[in-house]
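So the chains spell out like this:
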Amino acid sequence: MSLWNHYYTPATVEEALALLRTYQGRARVIAGGTDLLLDIKQGHLPRPDALVDITRIPGMGDLRQEDDTVYLGAGVTHAQIVDSPVLAARATCLVESCGVVGGPQVRNVGTIGGNVAHALPAGDGTTSLIALDATADVVLNGVRQWLPLSELFVGPGESRLDQTRDLLIGFRFRLCGSHEGSAFKRIMRPQGVALPILGCAIWVRLDESGQRYEDARICIGPVAKVPARAEAVEQALRGQAVDAEAVELAVSVARQTLHPRTSKYRATAEYRQEMIEVLLRRVLPLATQRARTGEAIPEGVGME
Amino acid sequence: MSKLLLTVNDTPYDLDVPESRTLAQVLRYDLGLTGTKIGCEEAECGACTVLVDGTPVDSCLYPAFKAQGARITTIEGLARNGELHPLQKAFIEHGAVQCGFCTPGLIMTAKALLDRNPNPTEHDIKVALKDTLCRCTGYVSVIRAIQSAARELRGEEPLPWPGVPTVPPLKAVGRPVPPQEVVDKVTGRAKFADDYAFPGMLIGRTLRAAYPHARIKRIDTSKARALPGVCAVLTHQDVPGQNRHGLIYADWPVLCDDKVRYMGDAVAIVAAEDADIAARALELIEVDYEPLPVVTDPEYAHSPDAPLVHEEWETGNLLKHIKVRHGDVEQGFAESDVIIEREYRTPTVEHAFMEPECSIAVPAGYDDEHPKLTIYVGSQIPYEDRRQTAAALGVPEDQIRVRGTLIGGGFGGKEDIAGQIHAAMLAQATGRPVKILYTRQESLLFHPKRHATIIRIKTGAKRDGTLMAVQATLYGDAGAYASLSDKVMTRATTHATGPYVVPHAKIDCYAMYTNNPPSGAFRGFGVTQSAFAVEQNMDLVAEALGMDPVEFRRKNAQRVGATTATGQLLRESVGLLETIDRVERDMRGSDPTFRWGWREGTKAYGWGVACAYKNTGLGGGAPDRATAEVEVFPNSTAEVRISSADMGQGLSVVLAQVTAEELGLPVERVHVLLSDTDLTPDGGPTTASRQTFMSGNAARHAAITMRQALAAAAAERLGVSPEVIRFEDGRLHHNGSAVEIGEVVTWMHEQGQEAKVRYVYDAPKTQPLGTGGDMHFAFSYATQAALVEVDLETGAVKVLKIIAANDVGRAINPRMLEGQVEGGIVMAMGNCLTEEYIVENGVPWSVLFSRYKIPSIKHTPEVVSHFVEEQVSSGPFGAKGVGEITSINTMPAIANAIYHATGVRVYRVPVDQDALLRALKAGATEVHTTWHDVK
C-alpha cells in the first residue's frame, strides 16, 4: 500500500510549518526519507497523509564555513559531509561517522538532520555531532531557537521535536583548531540489523606543547537511552599527560562508569563492555595524534 | 494526480501521476522502463539503483516527487545507438551476469563510480557497490568487469576474461560462450515476471495467517467484497479442485480451511483494480481463530506430548525417518583407537534470490494470444506448476499453459507453488489477468527455506588414520509442510559419512513437522548441513590422531573401486584425490614453513580445509527423465526446446553448446527455448544439480538423432553414403564439397519430412536407499581451503582467500562454471558468517531484508578456482552436476580455519563474534551459541 498520499516541497520554512499546521498531525517532515519511510513501512510510525519535504528550502542543503565554525543545513546529505575537505580536516569524526552509514545510495539521500531526528542512541552522525558539541537550529512549538544538540533527545527513537509540527533547520559547531582533533569508529556485526554494536566519537584538545590533554569530549553509544557524553572519562583525561597511561586511565574509568546493556540480536552487555575498551584504545590515540600533528585523513569511509 | 516533470534518459516527460508514487514505480509502471528492478523496497539491495542528476539512489524508496525536475538515467539509457556501454560489454565478457536481476543496479552503481573516479582500486569498487547486492556471482567477476570497463573508458585495452585451465575444448563445448539472454540482461530489456503487463490486469494479494498454529473458526469476506475496486475475494470454499498441493506429499492447502500451520499460510486471496485497494481489502477480511499450542523445536516435535501439526499424518509430527545402515558400527567403534562425538547445529537459511516471486495468470480466451488459461512465472519446475494448478482448479492439465519467464535467481526456492494457483483462481473468478507479486517481506515470510538441523555425529578411526565408523543422528526442521523435506533430509543422511570410505555406518535422520516456515530445496540440499558436521569431526579426529588434516582426508578419500555407505560401488569419475592435491598444492606448495594457524599483532590467521561430494540427479530409484526437442530451419539455424529452468546458472548456453557441437553449427545459430509447457517438452525439475546432465543429455541425443536424419536425407539426395558426411561450420561436407544445413532442411521439407526431433532421455537406473547398488548415477567432488583472519580484539571473522577445486566431469562452459564456483562460495560464506532466518515461537523475526544480511561485495575474498574434469561416461561430453558442489564445503573449511587461527571451534553458524570473543577471553575452546541467542 502507498506509504503516503500527498507530497509537498515547500520553498520556505514558513510554508513548511503552515503545511504541518494544516494537516494537524497527519503530515510528517521528510528529508532523505531513508529512515522515515522504512519506519512507516514497518508500522513503527502511522502512515501519514502527507509528507513535507524540506530539502528544497533554501539553506537546508548548505554546508558552509563561518570563521571557526561550520553551519550544516538539516538537509545536508551524508555524502556531502563525506566529500567536504574542511570537515575531513577539521571535523574528522563527523566524516568518519557519516562515511559508514549505509551504502552510497543511502548516503546520497539520507541527511544529517534525518539522522538526528531519528534519535537513535547510537546514530552514527549524531554520535559525532555530540562529540563536536553541536547546537541545533530548530522550530520547536512554533519558536525558532538554538538548542544544544544533546537537549533534543528524550529516549530511544524519541526526540523533543514532533515531526508532525516542528522543524530541524540546521546545526552549528566549532571546527577543530590547532591542538584539536577528533575521530570516530564503530563495531558492527555482520548479521541482522545494521545498527552499531557500539560507536565512539572523541574530540580532544591538547595544550600548547601537545603533551597534555586540556579537554576532551567523548560520546559512546548505545550506553544510555539517548546519545550521551562519557563525562567521567572526559574529566579523568583533563590534565593528563598524553601517553599510553592516559588511554588506560580512560579505559579503567569507562569500565567503572559506563554500563552498556545487552540488546537482542545485537550484543551482550559483556561484549559491549569489551568493545568500549577496544574503541577507546583505537579512537583516543587517533584523535590525539590528529590533535598533535594537525593532520587528519578520515579512516574507514564506506567500508565499516 | 499531480504534474511530475522528469527527464529520463534524455527524454522529457510531463506526467500526471499520484503523489504517492516512488521513483521506481513511475519508471516501471508509468513509463514502462522495467529495466530498473525492485528487489526489497527497503533501500537494502540496490537493484533499483538509478542516477538522479548523476547521483545513484535507491529508487524503490525515493518519492517520485522528490525528483521533480531532475534528470534520471536508467539502465535503458546506457547503450547509445545500439552500441553497448563499456560496462555492459565488460559485464558480459567477465561473466558478471547470471540471473540478471541485480545487473541493472550493479551497472548503474558502477557507472556512477566511474563517472567520478575513472581509475578505481578494488577498494574503491567495494566501497561504491557495498549496498548493491548480487546473490549469484559472488562479486569476483563484477569487480573485474568494472576494472576492465574503467580501462576502456580511459582509452586503454579492456581486460580479457582471465580464464581457468580446462581440458582442450571442442568446437563449442568447453568454450566460454556468452548466453543468449545476456545482452538483454545488461541493457534492461530482459523480462522477468513483474515486467509483463496485460490490458485490464488486476493486482492480487494474499491474506496470511495471524498465528503460527490456529484453528480457523470463521472467515467473513463480506466487507472486503463490498469495497469498490475489489473484483474477487476467495477462500478455501472457492478452490474448485483439490485444496492441497505439494511436490511430494499433497499436504499444503491452497487456501487454509481447518487450520493455519505457519505464519505464511494463505487464508484468503483478493483481486482488485490496484495494489492499494487490494491491501485495504485484506484488512477488511475477518478471520476468527482459535490459537493452538505451537511446536517449533524439531526434537520436541518428536516427543509424544508435542502438539500435532498434521493430525491426519500417521506418524505424528515425524514426516520421515531416514536410515543408513552399513556394516556394524559397534564393531567399527570397537576397532577404533580414536572416537570423536560432537553436536552441531545449523540454522534456517533464506534463499534471498534477488527477484521476489511473481505470477501472472491470464484467463482462457482473454485475447488471441491466450486461448488457454496461461500462467507467467519464473519457476524452477514449470510442468509441476501446471500439474498442481490443474489439480487445484479441477481441470485437465492440457487446459493450462505455463510460460516461464526469466528467473531472478532460484537456488531451490522457486520449486514449490507460490502464487501460481492463486493467480489462476483469481483470473478465472474475474475473467481478467491477475498479477500476484510478492513483496520482499512476503517472500521472506512465505517460501520454504534451508532446513535447520541438529546433528550429533560420532566418528571413529584407527591409529593409522583409517576411518572405521560413523554414527549420526540428525534432526531436520521440516516446518509446516512437507515440500521436499523427504528428499533433502535423505541427502543429508546419505552424505553424512562425507566423501570417504567408511566401512561401518549407522545414520538416523528425523524430518519433523513444526509450526515454522516450511523447509525445502536449497542449493546443497541437506548436504550443506551434514558437511558442516562431518568435516569438522574429520579435523577433530585428525588432531586426536596427530595427523595432518589433508593427509587424513587423502587416506580415506573415495576413489574408483570404493563403496559408499549406501552400498554403491564407484566405478568411474571420482576426482576427489585430484581436488585435494590441487588445493593442497596452492595452499602450502612446497613451503616448509607452512603453518595452519599463526598470529600477527592483534590478528589471528588460520587455514582450514574441507571436502565434499554431491549427487547429480534425483537418484534413489526415482525415474529421472528429460525430454528435448531440436528443430533445424531452412536458414541454417536450430532451436532446442525444453522445459528446464535457467535461473542464471547458464543452462541455456550449455544446451546451445551441446546442440551446436553435435550439429556442427556455430553456437550463435542455436536458439534455446525454455519452459513453455505448450511449446517445450518436460525437462524435469531444475534441482539436484541435474540439468547439465539431464537436459544436456536430452538435447545432445536429440541433436544426434537430428544429425542422423539430416545425413540420411542428404545422402539420399546427393547419392552418397551417410557415413562420408561430416557436419561442420553449418555445412554438411562430403567428398570435397559442402551443402548448407538449411538446404538439407529444405530437401527434407520437400519430402514431407519435418526437420524436428524429440528425444526422451532416461538417466541410468538408480536404486532406492537401503537396497544397495547405485543410489546415484554420478557424484561431483570438491575440496576447498579457506584462509581467515580473526580480530582478537573484537572476534570479527574475515575470509581472506578461498582455494577451490571442483570435479565436475567436464567444464562445458568454463566462464559460467567459474561463476557457479565463485557464487557458490560467497553464498556459503553467508551461511557461515552472516545469515540466519530467526523464528520466535513460530513468528518469523527475519521478515525484513534489513534483518537478513546476505554477503555484500565487501565480503568477497580472493578466489582461486581449479576445475577437475574426471568425465562420467553417461554425461554429456562427460559432464556431471555443478550447481551445488561449489557451495557445500566452504562452511566447514571456514570453521576449521577459525579453529586453527584461534583454538576455538564453532559448533553453530552463523559464527558469532560476540561469543567467539567471550570464548577467547575465557580460554574456552568451543562455541555453541550464535547471535540468535543474544537476548
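Residues numbered from 1 in each chain as written. Chains lettered and ligands numbered in written order. Predicted model: local features only at pLDDT ≥ 70, side-chain atom pairs only at ≥ 80, totals over all residues. Heavy atoms only, no water.

### A short note on the pairing of strand β1 (residues 2–8) of chain B
Residue and element names in this part refer to chain B.
- With 5 of 7 residues buried, β1 lies mostly within the body of the structure.
- Pairing of β1 with strand β2 (residues 11–17) involves 7 bridges; the strand directions are antiparallel. Among the inter-strand pairings, leucine 4 is bridged to a residue of β2, identified as leucine 15.
- Hairpin remark: β1 followed by β2, antiparallel, with 2 residues in the connecting loop; positive phi at asparagine 9, about 50°.
- The pairing of β1 with strand β5 (residues 71–73) spans 2 bridges and is classified as parallel. Directly across from threonine 7, in β5, lies its bridge partner arginine 71. (Buried < 20%, exposed > 50% of the residue type's maximum accessible area, 1.4 Å probe, protein only. Helix = DSSP H or I, 4+ residues; strand = E, 2+ residues; numbered from the N terminus. Pairing = 2+ DSSP bridges.)

### Concerning the packing of aromatic side chains
Residues and elements named next belong to chain B.
- Enumeration over the complete set of coordinates arrives at 26 aromatic pairs over all chains.
- On the numbers, 5.0 Å between centres and 40° between planes, the contact of phenylalanine 198 with tyrosine 376 is tilted. Residue phenylalanine 198 is located in the loop between α6 (182–187) and β6 (202–208), and its partner tyrosine 376 is located in strand β15 (residues 373–377); the two are separated by 178 residues in the primary sequence. Like phenylalanine 198, the residue tyrosine 376 is buried in the burial classification.
- With a centroid separation of 5.1 Å and an interplanar angle of 10°, the aromatic rings of tryptophan 252 and tyrosine 481 are classed as stacked. Taken as a pair, tryptophan 252 in the loop between β8 (230–234) and β9 (259–260) and tyrosine 481 in the loop between β19 (467–479) and α14 (485–494) lie far apart in primary sequence, 229 residues in all.
- Since its relative accessible area comes to 0%, tyrosine 481 is described here as buried.
- Cluster of aromatic residues (ring-pair linked, three or more members): Trp252, Tyr262, Tyr438, Phe446 and Tyr481.
- Directly above the aromatic system of tyrosine 837 lies the positively charged group of lysine 449, at a separation of 4.7 Å from the ring centroid.
- Sitting above the plane of the phenylalanine 877 ring, arginine 700 keeps its charged end 3.9 Å from the centroid. (Phe/Tyr/Trp six-rings, centres within 6.5 Å; stacked < 30°, edge-to-face > 60°. Lys NZ or Arg CZ within 6 Å of the ring centre and 35° of its normal.)

### Examining the domain arrangement of chain B
- Along its sequence, chain B is organised into domain 1 (2–77), domain 2 (86–164 + 181–190), domain 3 (579–611 + 778–935) and domain 4 (625–762).
- For domain 2 of chain B and domain 4 of chain B, the distance between their C-alpha centroids amounts to 34 Å. (Domains from an automatic or database assignment.)

### Here's the deal with the sheet that holds strand β20 (residues 504–513) of chain B
Residues and elements named next belong to chain B.
- In spatial order, the strands read β12-β20-β19-β18-β13; together these 5 strands make up an open sheet with mixed pairing. In this open sheet, the two edge strands, each paired with only one partner strand, are β12 (318–326) and β13 (338–346). Neighbour-to-neighbour, the strand axes of the sheet open up by a mean angle of 5°, direction not taken into account.
- Alignment of strand β18 (residues 453–461) against β19, held across 9 bridges, turns out to be antiparallel. From the neighbouring strand, isoleucine 455 faces β19, where its bridge partner is leucine 474. (Axes fitted to C-alpha atoms, helices over the stretch in contact; angles between N-to-C directions.)

### Some points on the environment of threonine 92 of chain A
All names here are of chain A.
- On the secondary structure map, threonine 92 appears in helix α5 (residues 92–98).
- The spatial distance from the C-alpha of threonine 92 to the C-alpha of isoleucine 81 is 10.0 Å, given a sequence separation of 11 residues.
- If sequence neighbours within four positions are ignored, threonine 92 has contacts with Leu87, Ser182, Arg290, Ala296 and Pro298.
- Engagement of the side chain of threonine 92 in a polar contact is seen with the backbone oxygen of alanine 88, the distance being 2.9 Å. (Contact = heavy atoms within 4.5 Å. Polar contact = N/O pair within 3.5 Å; in protein donor to acceptor, adjacent residues only side chain to side chain.)

### Describing the pattern of salt bridges
- In the structure shown here, the tally under the stated rule is 104 salt bridges over all chains.
- Close ionic contact of aspartate 53 of chain A with lysine 66 of chain B constitutes a salt bridge, the shortest N to O distance being 2.9 Å. Of the two residues, aspartate 53 of chain A sits in strand β3 (residues 50–53) while lysine 66 of chain B sits in the loop between β4 (55–58) and β5, which places them in two different chains. Grouping residues by exposure puts aspartate 53 of chain A and lysine 66 of chain B together as buried.
- Between glutamate 180 of chain A and arginine 174 of chain A there is a salt bridge; the shortest N-O distance is 2.6 Å.
- Classification of glutamate 180 of chain A by relative accessible area gives buried; the value is 7%.
- One connected set of salt bridges, linked through shared partners, spans Asp548, Glu551, Arg554, Asp581, Glu584 and Arg588 of chain B. (Salt bridge = Lys/Arg side-chain N within 4 Å of Asp/Glu carboxyl O.)

### Digging into the packing of helix α21 (residues 814–833) of chain B against helix α22 (residues 890–902) of chain B
Residue and element names in this part refer to chain B.
- The geometry of α21 relative to α22 is characterised by a closest axis approach of 8 Å and an angle of 55° between their N-to-C directions. Taken as axis vectors, α21 and α22 run oblique relative to one another. Here the hand of the crossing between α21 and α22 comes out right-handed. Residues Ile825, Ala828, Met829, Asn831, Cys832 and Leu833 of α21 touch α22, and the partners they reach there are Thr890, Met891 and Ile894.
- For the contact of α21 with α22, the class distribution of residues is 7 nonpolar, 2 polar and no charged. (Parallel < 35°, antiparallel > 145°, perpendicular 65-115°, else oblique. Left-handed = near helix turned anticlockwise from the far one by under 90°. Nonpolar A, V, L, I, M, F, W, Y, C, P; charged D, E, K, R; others polar.)

### A closer look at the side chain of serine 443 of chain B
- Mapped onto the secondary structure, serine 443 of chain B falls in helix α13 (residues 440–446).
- Here the side chain of serine 443 of chain B touches glutamate 357 of chain B through a polar contact of 2.9 Å, side chain to side chain.

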